[in-house]
Amino acid sequence: MRILFVDIDTLRPDHMSCYGYGRNTTPNMDRVCAESVRFDNYYCSDAPCLPSRAALVSGMFGIRNGAVGHGGTAADRRLTGAPRDFTDFVDENCFHNIFRRAGFHTASVSTFPERHSSWWFNAGFNECYNVGGRGGESGEKVLPVALDWLDRNGAKDNWFLHVHFWDPHTPYRAPAEFGNPFENEPLDSWITPKIFQQHRQHTGPHSINELGMYDSDFNEKFPRALGKAETMEELKEVMDGYDCGIRYADNLVGQIFDRLREQGVYDDTAIIITADHGENMGELGIYSEHATADHPTCHIPFIMKWPGGRKGVQDTGLHYNLDLVPTMADLLHVEKKENWDGESYAASVFADENTGRHSLVLSQMAHVCQRSARFGDWLYIRSIHDGFHLFDDEMLFNLKEDPYEQHDLKEEHPELCAMGAKIILDWQEAQMKKSSSPIDPMWTVMQEGGPYHTRGHLEDYLKRLEVTGRADGAQKLREKYHVK
């Protein structure tokens, strides 16, 4: 058996044509999806990039593995400490080592470990290929390495290959010669001119006024990545940039699929297509960033083509990305470990069985400090640090009726807020009972100055708000954060 793991950074499912998007962004992945189980309610437990992969690889929530941020103490996975044996238990029993235990030769083509100094990611791989771009490379640097590996190994049996593309991640970097497949297509968005004008008054980094997070600087090296958008035409450029990144990544992975077909091993190869996180594209006033613990940031695609598995069907159950760890152990008949937090959905790969969870808790500590409860049609968000967006401490959205989180219903449904808060509290207490540390890493982040991407930026950002016609937002931030 052969397993290909396609890891596309910053890919939100509702911008994929196989998930119903109006633009033809993923023709190659659509073809695989037609032969697969498509999971429709799949979420990263911890966002964004570093925390998401830490949860997946360790099989544990960030509250337990400790890696919940992008800087400071909470950007490092916790050391095991005194109980550590000759090798670390977490590394020995990580996601990638499941394949080794099942007798697979394992390889990864990814710059993620160097980008985030997260070398634990390489545990379990026989071979690691780093093209050296630290996540700033375009996929044409990655593809030849993956194809060369397949040319040398594809016809062999029992291999696991992880291939990681960054192209949908800002700054949008699809090569100029790729063009814009969507140039003559209308903007496919829920954002009306009225909503767009409201967003132009938004307070908070990565607004439509500051696509570079805290500024509107334009880098000529990345012409698809605007510094700001002042018109609906420029908004279309922003959306086109993101969609071009997705289509470009799809073009690259399509060449990998074609190589498997040429080698005659495609049918025998299991293919997994997923992402680390999604992307805010206007939701909560945030653009081109994975900045919250909400639906657009944490909702990710998951497509599994498994030999002998179901084809062309959808699973609607609630699942975490870390649920893949015990699922893969079941599929490959490898012993499961008690320290994993995931719940297997292997039965859903072969039969129409409900393996979903009753609810999920989603966390984000890099841009904000938020925890959210996803249950039924609802998303309840609790903000400890709002990342300078002036969010209320509580927010409640009906995702079935309002998937873009425009209407906060907390005043209308206090009973659902209480339910969401209880889900988060019960989860937090259950995880802390299992934790090797008495400290919730969210509070480590807060004690070290708040989310990494907010540290040291407030004073300059207040001045920018004042000179760009948003003095009211600046004043509210001064009051909230006690700045004179």
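The structure under discussion appears in the preceding block.
Everything numeric in this text was worked out from a predicted model, so none of it was measured. (Residues numbered from 1 in each chain as written. Predicted model: local features only at pLDDT ≥ 70, side-chain atom pairs only at ≥ 80, totals over all residues. Heavy atoms only, no water.)

Draft legend 1. Representation of the overall build of the protein. Summing up its helical and strand segments, the protein has 16 helices and 15 strands in all. Taken against the 2.2 N^0.38 rule, which gives 23 Å for 484 residues, the C-alpha radius of gyration of the protein at 22 Å falls within 12% of a compact globule. Overall, the C-alpha framework of the protein stretches about 65 × 55 × 40 Å when taken along its three principal axes. Looking at the 484 residues of the protein, the share that counts as buried comes to 61%. Put simply, of all contacts in the protein between residues at least 6 apart along the chain, 68% involve residues at least 24 apart. Of the roughly 18,800 Å² of accessible surface on the protein, 48% is carried by carbon and sulfur atoms. Averaging the coordinates of the 49 positive side-chain charges in the protein and doing the same for the 74 negative ones gives two points 3 Å apart. (Helix = DSSP H or I, 4+ residues; strand = E, 2+ residues; numbered from the N terminus. Rg over C-alpha atoms; globule rule 2.2 N^0.38 Å. Buried < 20%, exposed > 50% of the residue type's maximum accessible area, 1.4 Å probe, protein only. Contact = heavy atoms within 4.5 Å. Areas by Shrake-Rupley, 256 points an atom, 1.4 Å probe, with all protein chains shown as cover. Lys, Arg positive; Asp, Glu negative; His and termini not counted. Charge placed at Lys NZ, Arg CZ, Asp CG, Glu CD.)

Draft legend 2. View of unusual backbone geometry. Note the cis peptide between A47 and P48, where omega equals 0°. Looking at where P48 falls in the secondary structure, it is placed in the loop between strand 3 (46-47) and helix 2 (49-58). In this model, T170 is joined to P171 through a cis peptide bond whose omega is -10°. Mapped onto the secondary structure, P171 falls in the loop between strand 6 (159-165) and helix 8 (193-199). The residue H206 is not glycine, and still its phi comes out positive at about 60°. By the element assignment, H206 lies in the loop between helix 8 and helix 9 (232-262).

Draft legend 3. Region of the structure containing the sheet that holds strand 15 (residues 394-398). Reading across from one edge, 3-12-13-14-15 is the order of the five strands in this open sheet, with mixed pairing throughout. Two strands close off the open sheet at either side, each with one partner strand: strand 3 and strand 15. Together, strand 12 (359-364), strand 13 (369-375), strand 14 (378-385) and strand 15 form the strand contacts of helix 13 (residues 414-434), whose direction differs from that of strand 13 by roughly 110°. (Pairing = 2+ DSSP bridges. Axes fitted to C-alpha atoms, helices over the stretch in contact; angles between N-to-C directions.)

Draft legend 4. Structural view of the environment of V361. Summarising the element assignment, V361 is placed in strand 12. Spatially, the C-alpha atom of V361 lies 9.2 Å from that of Y320, the residues being 41 residues apart in sequence. In this structure, V361 is in contact with S45, Y320, R371, S372, I423, I424 and W427, ignoring residues within four places of it in sequence.

Draft legend 5. The arrangement of the sheet that holds strand 4 (residues 105-109) in detail. Here we have eight strands laid out as an open sheet, ordered 5-4-6-1-7-10-2-11, and mixed in their pairing. Looking at which strands have only one partner, the edges of the open sheet turn out to be strand 5 (127-129) and strand 11 (313-320). On average, each strand axis in the sheet is tilted by 15° relative to the strand beside it, whichever way the strands run. Relative to strand 11, strand 2 (residues 37-43) runs parallel, the two being bridged by six bridges. Directly across from Y43, in strand 11, lies its bridge partner Y320. Each of strand 1 (2-8), strand 2, strand 7 (269-274), strand 10 (302-305) and strand 11 touches helix 11 (residues 324-331); the most contacted strand, strand 10, lies at about 5° to it.

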